[in-house]
Protein chains: 2
Amino acid sequence: MPELLKLITPSAALDLILQSVLEIEVGTEKVATSKSLGRVARQSYHSKSTLPAFNKSSVDGFSVRAQDTFGASDSLPQYITVVGEVPMGKEPQLEISEGQSAIAYTGGMLAKNADSVIMVEYTNSVDTETIEVTKPVAKGENVVFAGEDIKPKDKIIVSGHTIRPQDIGALSALGINELQVSLRPKVAIISTGDELVPAESDPKLGQIRDLNSHTISALVNQAGGVPCQIGIFKDDYELQLSAAKQAIKDCDIIVFSAGSSVSNRDLTVKVFEALGEPGILAHGIAIKPGKPTILGLAKNKPLIGLPGNPVSALVVADLLLKPVIRSLMGDMNPSFRHEISALLTSDIPSRSGREDHVPVKLEQVKGVLSATPVFGKSNLIFTLVKSDGTVCVPTDIAGLYKGQTVTVRIY
Amino acid sequence: MPELLKLITPSAALDLILQSVLEIEVGTEKVATSKSLGRVARQSYHSKSTLPAFNKSSVDGFSVRAQDTFGASDSLPQYITVVGEVPMGKEPQLEISEGQSAIAYTGGMLAKNADSVIMVEYTNSVDTETIEVTKPVAKGENVVFAGEDIKPKDKIIVSGHTIRPQDIGALSALGINELQVSLRPKVAIISTGDELVPAESDPKLGQIRDLNSHTISALVNQAGGVPCQIGIFKDDYELQLSAAKQAIKDCDIIVFSAGSSVSNRDLTVKVFEALGEPGILAHGIAIKPGKPTILGLAKNKPLIGLPGNPVSALVVADLLLKPVIRSLMGDMNPSFRHEISALLTSDIPSRSGREDHVPVKLEQVKGVLSATPVFGKSNLIFTLVKSDGTVCVPTDIAGLYKGQTVTVRIY
């Protein structure tokens, strides 16, 4: 009997599903900028203000006219009169003239006529009204000029940008206190299998607890989506189809756990086909673990059929479901995955023709990060629990070698 | 005038504050395992069950006695009778004898007397009751044995472990549906400065909007803490002290933004000293940006005085505040920071004697990740907005060179 699935590569699968959902968008909502961490902006924002709004000192010291400090040195200091201070948060009332200065604080304004600030470290107090300056300053030194940070019409963030702490800072600084962001996509999770019982119940012999609902929910949360656990369904076509039809009305993405292979009890393909056009996009990916994966689309809703094996389900959801969630949110940024380099401590054999994702344990040994493969059957969830990430052995390579530097994808 | 701050290295500062808070713990609470993503377990969990609970098939096919398949090949198949199927989720009623098999599903049990499973791919259907087997199986092949994943008393997760999706899966599989986790530490954020106005108001000339409350809050959220924005306080010792005294009652960590340097309007040191023993632990770190940083401890509450400059505040909060939050949560795991390798596209000069954290922009160019320094005065928040992470130039190095591979810390 020939290979039952027509396999495509993991990267072809990712391209396929991302191309298919390219035009699909979830709605938007307005949120307070201060609550927008991790959300995706769905509007571009430009500055309407100048930042800083005024020339300000970047140090503690004295605002001066630079020319009055020229030639100053430790052995030949310049003597300068202190005529007062410019208080923080106030427009300067003080104006200085030749040989004069005013106390300046970091972030504060300069006295009128001053063009630079001498750091307090390069001054000595002579009496209450006089300082000696031991180093010259150049015009503009220790001053942040108005508009140096941002000018009106400058782009701040573009639509499709994921909000980070510094973006919240910049937007707050400009008084942009509300943002238009995408809604969190709702992901329906439908667990299938006659053998499944809820995690809260005690399985009889032959039964197992449904854990995929919970691992996939956690992963959806990580990606910024909202998991909707629809429930556990028997291997019954009508039951599964009616659950899927309801889910497609209520949610943005439909995920089936298990039933993704080709035996007569694998119903996911049949259910997906009945949901609408175009139906199945791909069935089978050249990856281990995760081969029996289904990608589909119906009524503008992406469909993902994950293998029931919990390790395969997690690996495939990480590779394919997460990017779909981000795409529906309108995330246009290149995503720099959480990947780090480490030294492999033992060989990893692999069969060419498929991409292998091998769990590894990371350890710092004398300042060097090492990755040790956690071997085990791919259906053992504890191989993932014992590991910190996975190393990918590409399709066209027969294995990786001890001592090689590898990229570990952290999860 | 000499250097006004006695500088310690960033790593010494981190060691100092982490040592100081080593014995400090926030309380614990019970949460549903399914809601525990990112929380830190404060109890170790061991298995009370065997997983899988029964020998199960890892493929779709036929459970057989291995000896009945010996010698099978494409040219000389073995003929085997199919006596029925073992349904999913059920104990087998079927028992096979010599030359017999039963239909087996992935995750299902084997028929009594069967010791292995032949994959459907290596069989052909002859008639409704007979298959030909074209490849032999070894005893135990395609079977996951009871206890192969986990046995009673096996360690699942230890106290101090941060919960990931796969941990939720493993705990759910074992019926452990509640976890004892640490509370999220409450972090009081007190913004100081006569020049500050809330982000929602319109600053007058000389004033600026308080953005640090919001960036630090976002960072606290990222680290798993609960930010408590106490408010904006004038440069007034009594006002700040009374706010800090209240905060120390209500919160687990006290963060001051601004006022961390040595001018007469820098009050943070004075306030921290008045809060209790041991008071100030360090003042001044050999880092750019972020030199005027204060670390303290009072009444078992860590105190962190951040520079007012928003870029310095973010860099220092990332380096020191985040680890303190994690430590209070009881996080015992090595934290593999979100760091990736990239090729530097231009030189970064640096002054030795301090650690420089230089913002860089990441770009994928023909499959190679490149890091381009975003130069700019260290007090410009938009240098951070334009960048994806920072490159650290260590204390004892005079700079980094174009073409060098560097580690970028993503934020």
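Residue indices begin from 1 for each chain and proceed along its sequence in written order. Both sets of labels track the order of writing: A upward for chains, 1 upward for ligands. Since the coordinates come from a predicted model, pLDDT governs what is reported: local features require at least 70, and pairs of side-chain atoms require 80 or more to be given and counted, while whole-chain, interface and lining totals use all residues. For the side-chain quantities, the full set of heavy atoms in the structure was used; hydrogens and water were omitted.

Caption draft 1: Looking closely at the relation of the copies chain A and chain B. When the copies are overlaid, the least-squares fit takes in C-alpha atoms only where the residue has pLDDT of at least 70 in both copies. The transform that puts chain A on chain B rotates by 180 degrees and translates by 0.0 Å along the axis, for an RMSD of 0.0 Å. On the angle and the small slide along the axis, the relation comes out as a two-fold axis. Residues are treated as being in contact if the distance between any of their heavy atoms lies within 4.5 Å. Most of the interface of chain A is mirrored in chain B: 100% of its interface residues are interface residues there too.

Caption draft 2: Layout of the interface of chain A and chain B. Each partner contributes to the interface: chain A provides 82 residues, whereas chain B provides 82 residues. Buried area: the accessible area, evaluated with a 1.4 Å probe, that two parts lose upon being put together, summed over both parts. Of the roughly 7,000 Å² buried where chain A meets chain B, counting both sides, 63% is carbon and sulfur surface. The term salt bridge refers to a side-chain nitrogen of Lys or Arg lying within 4 Å of a carboxyl oxygen of Asp or Glu. On the surface where chain A and chain B come into contact, there are 0 salt bridges. In protein, a polar contact requires one atom able to donate a hydrogen and another able to accept it; more generally it is a pair of N or O atoms within 3.5 Å, and residues adjacent in sequence count only if both atoms are side-chain atoms. Run the count over chain A and chain B and you get 18 residue pairs in polar contact (both at pLDDT 80 or more). Mapped onto the side of chain A that touches chain B, the elements with two or more residues apiece are strand 8 (123-127), strand 10 (143-144), helix 2 (165-173), strand 15 (208-209), helix 3 (212-223), strand 22 (339-344) and helix 7 (381-385) of chain A. By residue number, the principal contributor to the side of chain A that touches chain B is helix 2 of chain A, which donates 8 residues. Its residues assigned to classes, the side of chain A that touches chain B shows 38 nonpolar, 24 polar and 20 charged. Where helices and strands are cited, they refer to DSSP runs of H or I of at least four residues and of E of at least two residues respectively, numbered from the N terminus. Three categories are distinguished: nonpolar for Ala, Val, Leu, Ile, Met, Phe, Trp, Tyr, Cys and Pro, charged for Asp, Glu, Lys and Arg, and polar for the others, with Gly belonging to the last.

Caption draft 3: Just unusual backbone geometry, in detail. Cis peptide bonds are those with omega within 30 degrees of zero, and the linkage from Glu277(A) to Pro278(A) qualifies with -10 degrees. Note on placement: Pro278(A) falls in strand 18 (residues 278-283). The linkage connecting Lys288(B) with the following residue, Pro289(B), adopts the cis geometry, with an omega of -5 degrees. Tracing the backbone shows Pro289(B) in the loop between strand 19 (287-288) and strand 20 (294-298). Positive phi values are uncommon outside glycine, yet Lys299(A) reaches one of about 50 degrees.

Caption draft 4: View of the domain arrangement of chain A. Marked domain ranges trace back to an automatic or database domain assignment. Partitioning chain A into structural domains gives domain 1 (10-27 + 184-328), domain 2 (28-51 + 154-182), domain 3 (56-144) and domain 4 (339-410). Here the C-alpha centre of domain 3 of chain A lies 67 Å away from the C-alpha centre of domain 1 of chain A.

Caption draft 5: Molecular detail of empty space enclosed by the protein. Cavity: a set of points on a 1 Å grid over the protein atoms alone where a 1.4 Å probe fits but cannot get out. Pocket: an open set with protein on both sides within 12 Å along at least five of seven lines, its lining residues, like those of a cavity, having an atom within 4 Å of a point. Grid points are joined across faces, edges and corners, and a volume is the space filled by probe spheres set on the points. Evaluation of the coordinates by the stated rule reveals 2 cavities of 30 Å³ or more. There is about 160 Å³ of room inside the largest cavity. Lining the largest cavity are 14 residues; nearest its centre among them are Leu314(A), Val315(A), Asp318(A), Thr390(A) and Tyr411(A). Elements represented by at least two residues in the lining of the largest cavity include exactly helix 3 and helix 6 (310-328) of chain A together with helix 2 (165-173) of chain B. It is helix 6 of chain A that contributes the most residues to the lining of the largest cavity, 5 residues altogether. Of the residues contributing to the lining of the largest cavity, the split by class is 7 nonpolar, 4 polar and 3 charged.

Caption draft 6: Fine view of the state of the cysteines. Residue and element names in this part refer to chain A. Cysteine sulfur pairs qualify as disulfides if the two atoms are within 2.5 Å. In total, this model carries 0 disulfides over all chains according to the counting rule given. With no disulfide partner, Cys251 has as its closest neighbouring cysteine sulfur the one in Cys228, 3.9 Å distant. Categorising residues by exposure relies on relative accessible area from a 1.4 Å probe, with only protein chains included: less than 20% of the type maximum marks a residue as buried, more than 50% marks it as exposed, and the intermediate range marks it as partly exposed. A relative accessible area of 3% means that Cys251 is categorised as buried.

Caption draft 7: Seen up close, the packing of aromatic side chains. Stacked, edge-to-face and tilted are the three classes for Phe, Tyr and Trp ring pairs, Trp counted by its six-membered ring, which pair at centre distances within 6.5 Å; planes under 30 degrees apart are stacked, over 60 edge-to-face, the rest tilted. Enumeration over the complete set of coordinates arrives at 2 aromatic pairs over all chains. Arranged with centres 5.3 Å apart and planes meeting at 80 degrees, the rings of Phe256(A) and Phe272(A) form a pair that is edge-to-face. One end of the pair, Phe256(A), is in strand 17 (residues 253-257); the other, Phe272(A), is in helix 5 (residues 268-273), and 16 residues separate them in sequence. Accessibility expressed as a relative area gives 0% for Phe256(A), which makes it buried. Two conditions define a charge located above a ring, namely a distance within 6 Å from the ring centre to NZ of Lys or CZ of Arg, and an angle within 35 degrees of the ring normal. Cation over ring: Lys135(A) sits above Tyr122(A), and NZ or CZ is 4.4 Å from the ring centre. In this structure, Arg265(A) is placed above the aromatic ring of Tyr105(B), and the distance from its NZ or CZ to the ring centre is 5.5 Å.

Caption draft 8: Examining the sheet that holds strand 5 (residues 78-85) of chain B more closely. Residue and element names in this part refer to chain B. Strands were regarded as paired on the criterion that DSSP finds at least two bridges between them. Ordered in space as 7-4-6-5-9-8, the 6 strands form an open sheet in which the pairing is mixed. Each edge of the open sheet carries a strand with a single partner, namely strand 7 (116-119) and strand 8 (123-127). Going from strand to strand, the sheet's axes swing by 40 degrees on average, the running direction of each strand aside. The pairing of strand 8 with strand 9 (residues 130-133) spans 4 bridges and is antiparallel. For Asp127, the partnering residue across the bridge sits in strand 9 and is Thr130. Comment: axis = line fitted to C-alpha atoms, over the contacting stretch for helices; angle = value between 0 and 180 degrees taken between N-to-C directions.

Caption draft 9: Representation of the pairing of strand 22 (residues 339-344) of chain B in the model. Residue and element names in this part refer to chain B. Pairing between strand 22 and strand 28 (residues 405-410): 5 bridges, direction antiparallel. Pairing of Ala342 across the sheet is with Val406, part of strand 28. Examined bridge by bridge, strand 22 and strand 25 (residues 368-373) share 2 bridges and lie parallel to one another. Bridge pairing in strand 25 links Leu344 to Ala371.

Caption draft 10: Geometry of the pairing of strand 12 (residues 178-182) of chain B. All names here are of chain B. Across the 5 residues that make up strand 12, a large majority, 4, are buried. Bridge count for strand 1 (residues 28-32) against strand 12 is 5 bridges, and the pairing is antiparallel. Residue pairing across strands places Lys30 opposite Gln180, the latter belonging to strand 12.

Caption draft 11: Up close: the pattern of salt bridges. All names here are of chain A. Per the counting criterion, the structure on display carries 24 salt bridges over all chains. Residue Arg326 is joined to Asp331 by a salt bridge in which the shortest nitrogen-to-oxygen separation is 2.9 Å. Taking the shortest distance from any N to any O, the salt bridge between Arg354 and Asp356 comes out at 2.7 Å. Residue Arg354 shares its accessibility class with Asp356, and that shared class is buried. Shared partners join several salt bridges into a network, and the residues in it are Glu195, Asp235 and Arg265.

Caption draft 12: Focus on helix 2 of chain A. Of all 9 residues making up helix 2 of chain A, 9 are buried, and the element is well covered by its neighbours. Once helix 2 of chain A finishes, Gly175(A) follows within two positions and takes phi at roughly 75 degrees, a positive value.

Caption draft 13: Here's a closer look at helix 4 (residues 237-250) of chain A. Residue and element names in this part refer to chain A. Multiplying 1.5 Å by the residue count of a helix minus one yields the expected span of that helix. In a regular helix each residue adds 1.5 Å, so 14 residues correspond to 20 Å; helix 4 covers 20 Å between its end C-alpha atoms and thus fits that length. Gln240, Leu241, Ala243, Ala244, Ala247 and Ile248 are the residues of helix 4 that are buried. The buried residues of helix 4 occupy an angular sector of 165 degrees when the element is viewed end-on, so they sit on one face. Opposite the buried face of helix 4, by more than 90 degrees, sit the exposed residues Glu238 and Lys249. Residues of helix 4 that are buried make contact with strand 13 (186-192), strand 16 (226-233), strand 17, helix 5, strand 20 (294-298) and strand 21 (301-306). Think of it as the arc spanned by the lines of direction from the helix axis to the C-beta atoms.

Caption draft 14: Structural view of the side chain of Gln180(B). Residue and element names in this part refer to chain B. Tracing the sequence through the fold places Gln180 in strand 12. Within the local environment of Gln180, its side chain forms a polar contact with the side chain of Thr28, the two groups lying 2.9 Å apart. Excluding residues that lie within four positions of it along the chain, Gln180 makes contacts with Thr28, Glu29, Lys30, Val40, Ala41, Arg42, Gln43 and Tyr45.

Caption draft 15: Representation of the packing of helix 3 of chain A against helix 2 of chain B in the model. The interhelical angle for the contact between helix 3 of chain A and helix 2 of chain B, taken along N-to-C directions, is 160 degrees, at an axis separation of 8 Å. Relative to helix 2 of chain B, helix 3 of chain A is oriented roughly antiparallel. At the point where helix 3 of chain A passes helix 2 of chain B, the crossing takes the right-handed sense. Note on element contacts: helix 2 of chain B touches helix 3 of chain A through Pro165(B), Ile168(B), Gly169(B) and Ser172(B), opposite His214(A), Thr215(A), Ala218(A), Leu219(A) and Gln222(A). Tallied by class, the residues present in the contact of helix 3 of chain A with helix 2 of chain B amount to 4 nonpolar, 5 polar and no charged. Note that the term roughly parallel is reserved for angles under 35 degrees, roughly antiparallel for angles over 145, roughly perpendicular for angles of 65 to 115, and oblique for everything else. For any helix crossing, the convention is left-handed if the near helix is rotated counterclockwise from the far helix by under a right angle, and right-handed if that rotation is clockwise.

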